[in-house]
Amino acid sequence: MSYLKVTFVFSLFFYGSVIGFDYWTIAQTWPAGFCTHNVCDATKPKPLKFTIHGLWPSNYTTHQPAFCLSSNLNPTLIHGIVLKLDQDWPSYNSNNSHFWNYEWKKHGTCSHMSELDYFTHTLDIYTRNDLQQILKHANILHGNTYDIQHFITAIHTSQVGAEPQLICTKGDLIEIRLCLNKNPVPEYIKCPPPPPKTACPANVSFV
Ligand SMILES: *[C@@H]1O[C@H](CO)[C@@H](O)[C@H](O)[C@H]1NC(C)=O
Ligand SMILES: *[C@@H]1O[C@H](CO)[C@@H](O)[C@H](O)[C@H]1NC(C)=O
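Cut-offs and rules
Residues numbered from 1 in each chain as written. Chains lettered and ligands numbered in written order. Predicted model: local features only at pLDDT ≥ 70, side-chain atom pairs only at ≥ 80, totals over all residues. Heavy atoms only, no water. UniProt positions renumbered as here; feature names shortened; annotations may be inferred. Salt bridge = Lys/Arg side-chain N within 4 Å of Asp/Glu carboxyl O. Helix = DSSP H or I, 4+ residues; strand = E, 2+ residues; numbered from the N terminus. Buried < 20%, exposed > 50% of the residue type's maximum accessible area, 1.4 Å probe, protein only. Axes fitted to C-alpha atoms, helices over the stretch in contact; angles between N-to-C directions. Parallel < 35°, antiparallel > 145°, perpendicular 65-115°, else oblique. Contact = heavy atoms within 4.5 Å. Nonpolar A, V, L, I, M, F, W, Y, C, P; charged D, E, K, R; others polar.

As recorded in an unreviewed UniProt entry, the protein goes by the name Ribonuclease T2, listed as coming from Vigna unguiculata. Entered under Sequence similarities (unreviewed entry) in the UniProt record, the comment concerning the protein runs "Belongs to the RNase T2 family."

Structure follows, in structure tokens:
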């Protein structure tokens, strides 16, 4: 239902305007890895699944679109999906509303979408695939260390069907990013290499 709605909104939008970015990135956090290297709020649950960091209009050059408009997110516009956002798009080290506002200002304002469409669209893409389950099916289990190619192959040969970007801090996996084209119904595409400072080593620790 919401998938169809988003597709419709997207079609209207893509056929009617020029967009100042090359592809989409959906960044998904591995909470245990993230909280190994960031001060996380002890009162917040750390689920054993990947959760949304953000959906980013991205460019192949080093200049990434960011902060395209200065308007703050009006929380009443996303009121109807806030429970879903609390569940799938939590912050582990700040207030969820502040995190969504930051992601909206930095990335959402470059998407040419309304607030509600941007957050709904991100949830729709996120729910297409469960990265933790994909890794589990390939026998990649947290608590172990694996060759980086294991992760990449597992995702490439899953329904995602495209190579992800892996992001590490000191060898620990903290995030997986998937890339999508700008088709009316966006399809996964191979991600470019990650920024060198955040790239994973040959052996990735999945904490
Ligand atoms: C990103 O790329 C698009 C098209 O390829 C271009 O129009 C836009 O100016 C670029 N943005 C930045 C910040 O370089
Ligand atoms: C989070 O921020 C919002 C908006 O600033 C505020 O209404 C809410 O009380 C804050 N929640 C917590 C748990 O601090």
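Let's pick the thread back up.
Caption draft 1: Quick peek at the pattern of salt bridges. Applying the stated rule across the entire model yields 4 salt bridges. Between D88 and K84 there is a salt bridge, and its shortest N-O distance comes to 2.6 Å. Taken together, the residues D88 and K84, both in helix 3 (residues 82–88) and 4 residues apart, mark about one turn of the helix. What makes K84 partly exposed here is its relative accessible area of 34%. Look at the salt bridges and you will find they share partners, linking K49, K84 and D88 into a network.

Caption draft 2: Expanded view of the environment of K170. Relative to the elements of secondary structure, K170 occurs in the loop between strand 4 (165–169) and strand 5 (172–180). The exposed category is assigned to K170, whose relative accessible area is 78%.

Caption draft 3: Local environment of unusual backbone geometry. For N139, which is not a glycine, the phi torsion comes out positive at approximately 65 degrees. In this structure, N139 sits in the loop between helix 6 (131–137) and strand 3 (144–147). Judged by its relative accessible area of 57%, N139 is exposed.

Caption draft 4: Structural view of the packing of helix 4 (residues 96–106) against helix 5 (residues 115–128). Contact geometry for helix 4 and helix 5: axes closest at 12 Å, N-to-C directions at 105 degrees. One finds that helix 4 runs roughly perpendicular with respect to helix 5. Of the residues in helix 5, those in contact with W100, E103 and W104 of helix 4 are E115, Y118 and F119. Among the residues making up the contact of helix 4 with helix 5, the classes are represented as 4 nonpolar, no polar and 2 charged.

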